Amino acid sequence: MVSLIVSLLITNPQTSVAVTNTEFPKFDTISCDTLPENQILYNGRVWHNLYIAVEEDQFLFSHEFLIGSVTMRGRTYSNVLIKYDIYKDEVLIPFQPVGILQLNKEMVDSFSILFLNREYRFVRISDSTDAEMNGYFNEVYCGKTRLIARYVKKIEKFADGGKYDKFYQINKIYIAIDEKFRTITGKKDLLRIFSNEKEPIRDYINKNNILIKREDAESYVPVLRFIDSLQKEGML
């Protein structure tokens with residue numbers, strides 16, 4: 001049965017496949033030769049890089065596989081090797097012997113990536129009426145307020161001296177207010193959203209020399225913690 005699946009993968013790279021494994025091998029690639037009693041069903045398809053000719057790459061953080069974890073249908077698998085393709089918004093894992101498997105997004109609840117000794121956690125949103133708000137988002141802060149970020153790569157045509165196409169990255173940051181996400185691009189947006197407490201928030205930012213950067217989601221976190229403290233005190 002395993003050999004049949006592999007054969008289908010090789011002959012038709014777009015074929016959806018069932019990959020089975022109870023546990024991702026630690027610091028290793030996924031193989032399809034585990035015992036049937038130790039297997040769990042995975043759905044996905046073989047991934048091929050269609051953008052080799054484009055300069056840079058389509059991945060978040062690194063073109064190399066990074067250690068992380070994946071939660072699918074409520075079950076978490078640790079020490080998974082992951083690439084996150086932010087051009088197509090797809091999670092990729094190694095799959096022997098045919099290369100790389102693109103996980104079935106409908107089965108993925110969340111995943112995490114470890115990069116430079118820091119863990120980044122991503123959740124999948126699928127029920128938004130706004131198409132832009134469906135997909136994988138980095139959950140940066142989750143308190144009484146919630147901050148998420150989406151990392152996207154696009155292709156600039158003829159970017160390098162008019163010779164080659166090139167990937168470039170943009171970061172989009174959203175804050176949740178009453179279960180609705182609003183885009184924020186800096187301190188002005190933050191003060192506008194929390195206009196009733198603009199003065200204490202501005203004073204806190206100035207007193208603590210906090211620099212909020214347009215596309216750096218982490219730079220908002222100290223201020224959101226302060227805003228949550230105001231909510232606890234009943235000031236908001």
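See the structure shown above.
From a predicted model like this one, the values you see are computed outputs, not experimental measurements. (Residues numbered from 1 in each chain as written. Predicted model: local features only at pLDDT ≥ 70, side-chain atom pairs only at ≥ 80, totals over all residues. Heavy atoms only, no water.)

1. A short note on unusual backbone geometry
Glycine aside, the phi torsion of most residues is negative, and most peptide linkages are trans. The backbone phi angle of F61 is positive, close to 75 degrees, even though this residue is not glycine. One can find F61 in the loop between β2 (41-47) and β3 (66-72). We note that L116 has phi near 50 degrees; this positive angle belongs to a residue other than glycine. Along the polypeptide, L116 turns up in the loop between β7 (108-115) and β8 (118-125). (Helix = DSSP H or I, 4+ residues; strand = E, 2+ residues; numbered from the N terminus.)

2. A short note on the side chain of S62
Relative to the elements of secondary structure, S62 occurs in the loop between β2 and β3. Among the polar contacts listed, one links the side chain of S62 to the backbone nitrogen of E64, at a separation of 2.9 Å. (Polar contact = N/O pair within 3.5 Å; in protein donor to acceptor, adjacent residues only side chain to side chain.)

3. Observations regarding the packing of aromatic side chains
A full pass over the atoms with the stated rule returns 14 aromatic pairs. Measuring from centroid to centroid gives 5.9 Å for Y84 and Y136, while their planes differ by 85 degrees, and the two rings are edge-to-face. Placement of Y84 in strand β4 (residues 75-85) and of Y136 in strand β9 (residues 135-142) is noted, with a sequence separation of 52 residues between them. Side by side, Y84 and Y136 carry an identical accessibility label, which is buried. Relative to F167, the ring of Y87 lies with its centre 5.4 Å away and its plane at 75 degrees, an arrangement referred to as edge-to-face. In this pair, Y87 is assigned in the loop between β4 and β5 (90-95) and F167 in strand β11 (residues 166-177), connecting sequence segments 80 residues apart. F167 sits in the buried class, given a relative accessible area of 4%. Put simply, the rings of Y84, F111, F122, Y136 and Y151 pair up and form one aromatic cluster. (Phe/Tyr/Trp six-rings, centres within 6.5 Å; stacked < 30°, edge-to-face > 60°. Buried < 20%, exposed > 50% of the residue type's maximum accessible area, 1.4 Å probe, protein only.)

4. As for the pattern of salt bridges
Pairing between side chains becomes possible if they bear opposite charge and their charged atoms approach one another. This model, assessed by the stated rule, comprises ten salt bridges. Its salt-bridge partner being D89, residue K105 comes within 3.2 Å of it at the nearest N-O pair. Linking K105 in the loop between β6 (99-103) and β7 with D89 in the loop between β4 and β5, this pair joins segments that are 16 residues apart in sequence. Residue D89 is classed as buried on the basis of its relative accessible area of 10%. Close ionic contact of E90 with K105 constitutes a salt bridge, the shortest N to O distance being 4.0 Å. Taken together, the residues E90 in strand β5 and K105 in the loop between β6 and β7 connect sequence positions 15 residues apart. Judged by its relative accessible area of 13%, E90 is buried. (Salt bridge = Lys/Arg side-chain N within 4 Å of Asp/Glu carboxyl O.)

5. A few points about the pairing of strand β10 (residues 146-156)
Counting buried positions along β10 gives eight out of eleven residues, so the element sits mostly inside the fold. Relative to β10, β9 runs antiparallel, the two being bridged by four bridges. Within β10, the residue paired with N138 across the bridge is A149. Connecting the antiparallel pair β9 and β10 is a turn made up of three residues. Sheet topology note: the β10/β11 ladder contains eleven bridges and is antiparallel. Counterpart to K153 in the pairing with β11 is Q169. (Pairing = 2+ DSSP bridges.)

6. Considerations on the nonpolar core
Membership of the largest hydrophobic core comes to 48 residues, with the highest contact counts inside it found for L147, I175 and I201. No other element matches helix α4 (residues 221-232), which puts six residues into this core. Setting aside its immediate chain neighbours within four residues, I201 contacts L191, F194, V223, F226, I227 and L230. Among the nonpolar cores identified, the runner-up in size contains five residues, and M133, F137, I148 and Y174 belong to it. (Core = buried A, V, L, I, M, F, W, Y, C linked by side-chain atoms within 4.5 Å. Contact = heavy atoms within 4.5 Å.)

7. Considering the environment of F61
Given a relative accessible area of 28%, F61 falls into the partly exposed group. C-alpha separation for the pair F61 and D85, spaced 24 residues apart in sequence, amounts to 10.0 Å.

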